[in-house]
Amino acid sequence: MSIHKEEVKSALSQVLHPTYSKDLITLGLVQDLITQDKYISFTLELPKKDDQLASKLKKDCEKAVKKFIDPEAVVDITIGINISKQRELEGNGGDDQQQQQKKEQQVLSGVKNVIAVASGKGGVGKSTIAANLAVSIAQTGAKVGLLDTDIYGPSIPTMFGVSERPNITTQKKLVPIKKHGVHLVSMGFLVDTDQAMIWRGPMVTSAVKQFMQEVEWGELDYLILDLPPGTGDIQLTIVQTVPLTGAVVVSTPQNVALDDARKGVAMFGKVNVPVLGIIENMAYFVPEDMPEKKYYIFGKHGARNLAKKLEVPFLGEVPLRDNVRKTSDSGTPIVADDPTSASGICLKEIANRVQQTLAIRNKEQGETEKIDIKIRP
Ligand SMILES: Nc1ncnc2c1ncn2[C@@H]1O[C@H](COP(=O)(O)OP(=O)(O)OP(=O)(O)O)[C@@H](O)[C@H]1O
Ligand SMILES: [Mg+2]
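Predicted model only: the values in this text are computed from it and were never measured. (Residues numbered from 1 in each chain as written. Chains lettered and ligands numbered in written order. Predicted model: local features only at pLDDT ≥ 70, side-chain atom pairs only at ≥ 80, totals over all residues. Heavy atoms only, no water.)

Chemist: Give a description of the packing of helix 5 (residues 126-139) against helix 15 (residues 342-365) that names residues and reports values.
Modeler: When two helices pack together, their arrangement is given by the angle between the helix axes and by the axis-to-axis distance. Running from N to C, helix 5 and helix 15 cross one another at 75 degrees; their axes reach a closest spacing of 9 Å. Relative to helix 15, helix 5 is oriented roughly perpendicular. Of the residues in helix 15, those in contact with Ile-129, Asn-132, Leu-133, Ser-136, Ile-137 and Gln-139 of helix 5 are Leu-347, Lys-348, Ile-350, Ala-351, Val-354 and Gln-355. Per-class residue counts for the contact of helix 5 with helix 15 are 7 nonpolar, 4 polar and 1 charged. (Axes fitted to C-alpha atoms, helices over the stretch in contact; angles between N-to-C directions. Helix = DSSP H or I, 4+ residues; strand = E, 2+ residues; numbered from the N terminus. Parallel < 35°, antiparallel > 145°, perpendicular 65-115°, else oblique. Contact = heavy atoms within 4.5 Å. Nonpolar A, V, L, I, M, F, W, Y, C, P; charged D, E, K, R; others polar.)

Chemist: Help me get a handle on a nonpolar patch on the surface, residues and values and all.
Modeler: Together, Phe-285, Tyr-295 and Ile-297 give the surface a local cluster of nonpolar side chains, amounting to about 260 Å² of exposed area. Counting through the fold element by element, Ile-297 comes out in the loop between strand 12 (275-285) and helix 12 (302-310). (Patch = residues over 30% accessible without salt bridge, like charges linked within 9 Å, V, L, I, M, F, W, Y side chains within 5 Å. Areas by Shrake-Rupley, 256 points an atom, 1.4 Å probe, with all protein chains shown as cover. Salt bridge = Lys/Arg side-chain N within 4 Å of Asp/Glu carboxyl O.)

Chemist: An account of the pairing of strand 12 is requested, with residue identities and associated values reported.
Modeler: Along strand 12, 9 of the 11 residues are buried, which leaves the element largely enclosed by surrounding structure. Pairing between strand 11 (residues 246-251) and strand 12: 5 bridges, direction parallel. Each bridged residue has a counterpart across the sheet, and for Val-250 the counterpart in strand 12 is Ile-279. Once the chain exits strand 11 it traverses helix 11 (residues 255-270) before rejoining the sheet at strand 12, and the crossover so formed is right-handed. Where strand 12 meets strand 13 (residues 314-320), 5 bridges bridge the pair, whose relative direction is parallel. Bridge pairing in strand 13 links Asn-281 to Val-318. On the question of chirality, the crossover connecting strand 12 to the parallel strand 13 by way of helix 12 is right-handed. (Buried < 20%, exposed > 50% of the residue type's maximum accessible area, 1.4 Å probe, protein only. Pairing = 2+ DSSP bridges. Right-handed = clockwise from strand over helix to strand, strands pointing away.)

Chemist: Mind laying out the packing of aromatic side chains, listing which residues take part and the relevant values?
Modeler: Applying the stated rule across the entire model yields 1 aromatic pair. When the ring centre of Tyr-284 is taken as origin, the NZ or CZ atom of Lys-294, which lies over that ring, is 4.6 Å away. Positioned above the aromatic ring of Tyr-296, the side-chain terminus of Lys-300 is 4.8 Å from the ring centre. (Phe/Tyr/Trp six-rings, centres within 6.5 Å; stacked < 30°, edge-to-face > 60°. Lys NZ or Arg CZ within 6 Å of the ring centre and 35° of its normal.)

Chemist: How would you summarise the side chain of Ser-41 if you had to cite specific residues and measurements?
Modeler: Following the sequence through the fold, Ser-41 ends up in strand 4 (residues 39-46). Take Ser-41: its relative accessible area is 13%, and that puts it in the buried class. Excluding residues within four positions of it along the chain, Ser-41 makes contact with Asp-32, Leu-33, Ile-34 and Asp-76.

Chemist: Run through the sheet that holds strand 8 (residues 177-179), naming residues and quoting values.
Modeler: If you walk across this open sheet you meet the 8 strands as 8-9-7-10-6-11-12-13, and the pairing is mixed. Looking at the sheet topology across the chains shown, the edges are occupied by strand 8 and strand 13. Between one strand axis and the next, the sheet turns by 25 degrees as a mean value, whatever way the strands run. Contacting strand 6 (111-118), strand 11 and strand 12, helix 11 runs over the sheet at an angle of about 175 degrees to strand 11. Along the sheet face, helix 12 touches strand 11, strand 12 and strand 13 and points at about 160 degrees away from the line of strand 12.

Chemist: I'd like a description of the nonpolar core, backed by residues and values.
Modeler: Trp-217, Leu-223, Leu-225, Leu-244 and Phe-268 are the most contacted members of the largest nonpolar core, which has 42 residues in total. Going through the elements one at a time, strand 6, helix 9 (201-213), strand 10 (220-226), helix 10 (233-241), strand 11, helix 11, strand 12 and helix 12 are the ones with two or more residues in this core. Take this core: its biggest share by element is 5 residues, from helix 11. Formed by 38 residues, the second largest nonpolar core is a distinct cluster that contains Ala-138, Ala-142, Ile-156 and Phe-160. (Core = buried A, V, L, I, M, F, W, Y, C linked by side-chain atoms within 4.5 Å.)

Chemist: Lay out the sheet that holds strand 5 (residues 74-81) with the relevant residues and their values.
Modeler: Taken together, the 3 strands give an open sheet; going across it, the order is 3-4-5, and neighbouring strands pair in mixed fashion. Unpaired on one side and paired on the other, strand 3 (30-36) and strand 5 mark the two borders of the sheet. Neighbour to neighbour, the strand axes of the sheet diverge by 10 degrees on average, direction disregarded. Pairing analysis gives 5 bridges linking strand 3 to strand 4, with the strands arranged antiparallel. When the bridges of strand 4 are listed, Ile-34 appears paired with Ser-41. Set on the sheet, helix 2 (residues 51-68) makes contact with strand 4 and strand 5; between it and strand 5 the angle comes to about 150 degrees.

Chemist: Please provide a residue-by-residue account of the UniProt feature "binding site: ATP" (unreviewed entry) in the protein, values included.
Modeler: In this numbering, the UniProt entry assigns the feature "binding site: ATP" (unreviewed entry) to Gly-120, Lys-121, Gly-122, Gly-123, Val-124, Gly-125, Lys-126 and Ser-127. Here Lys-121 is to be found in the loop between strand 6 and helix 5. Taking relative accessible area as the criterion, Lys-121 reaches 31% and is therefore assigned partly exposed. Discounting chain neighbours no more than four positions away, the residues touching Lys-121 are Lys-126, Pro-229, Val-256, Ala-257 and Asp-260. Position of Gly-123 among the secondary structure elements: in the loop between strand 6 and helix 5. (UniProt positions renumbered as here; feature names shortened; annotations may be inferred.)

What follows is the structure, encoded as structure tokens:
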């Protein structure tokens with residue numbers, strides 16, 4: 001006889017979550033329950049990533065099912081991470097926490113779209129692309145913010161030529177600095193990067209969270225996040241902290257970068273954030289004295305082919321050119337400095353595609369309010 005769902009629920013109501021001292025059924029953490037003969041499968045939705053707790057709860061669930069229902073039952077548990085659950089559960093945890101949650105929810109309430117610019121590998125041009133995307137989109141008349149979350153190596157102050165410190169409102173909120181039409185905030189405005197080098201992951205992520213809460217973004221059509229390189233815990237926490245509308249992944253064409261870009265795409269897949277597409281940077285080299293030549297020094301179409309393979313949109317390629325580097329170094333992104341140059345045109349086309357892809361995404365899925373974030377390892 002097939003095991004009944006109600007029997008499973010009753011067995012799992014004997015398993016306590018150690019943090020909330022309530023059982024998994026009362027907390028509403030068991031989802032997608034399926035039973036067939038002796039096979040039971042469900043998703044255990046945890047409010048945050050915690051491998052140790054996940055494996056303990058998995059074991060406890062299995063034990064409860066075998067003890068209360070059938071010792072031969074086969075239990076298949078998927079761990080899902082649902083951040084909004086954390087708010088729900090911790091909502092009972094006192095006024096301070098409630099206020100903190102309210103504060104977090106309000107942070108980006110005036111922001112319509114949040115786009116992360118990520119890569120697996122460092123130095124592939126994320127910040128360059130993020131800066132040019134932000135300026136290009138602002139040039140279309142949209143209100144755009146850019147948040148540089150790279151605490152170890154913030155590049156946005158240099159790329160925008162900003163050396164001043166931001167103002168603070170009477171409510172102790174940070175006012176973004178407006179440059180080239182973009183409202184900017186960088187970790188580099190506030191944190192001494194030499195000191196930040198010794199910060200550990202949790203310090204970085206809590207600084208980013210605080211940052212999100214303490215900036216007076218106001219109304220924005222787009223907020224672009226320049227992420228630190230990699231796909232580790234820091235990046236994962238950032239993308240889980242912010243209600244992302246979508247992400248773009250930057251890669252150069254060679255295999256070592258593509259392997260990491262693949263990890264980047266997978267990271268967003270895990271947390272249910274749509275990948276708007278892949279951008280191929282440094283796609284080919286164009287010498288300044290022979291602008292008609294293209295040298296595919298890192299291989300040809302690597303990122304384009306990866307996009308095809310992963311079935312995500314390809315958003316375009318940017319050549320490796322001296323004027324891209326020079327304009328970044330001198331504080332005026334090329335789409336502002338020389339928008340009609342070949343590189344400027346490529347970057348503006350990419351920004352256009354990002355906006356279009358986002359519009360389609362919003363039409364299909366509705367405007368972003370809060371994305372439920374799930375990790376299915
Ligand atoms: N298409 C390009 N042509 C020429 N130079 C480029 C191009 N893209 C980026 N660069 C240069 O390469 C260097 C690294 O770029 P950038 O800082 O944008 O990379 P990143 O991925 O943000 O690096 P990190 O991983 O350290 O954050 C910079 O000096 C930048 O000016
Ligand atoms: Mg960078």
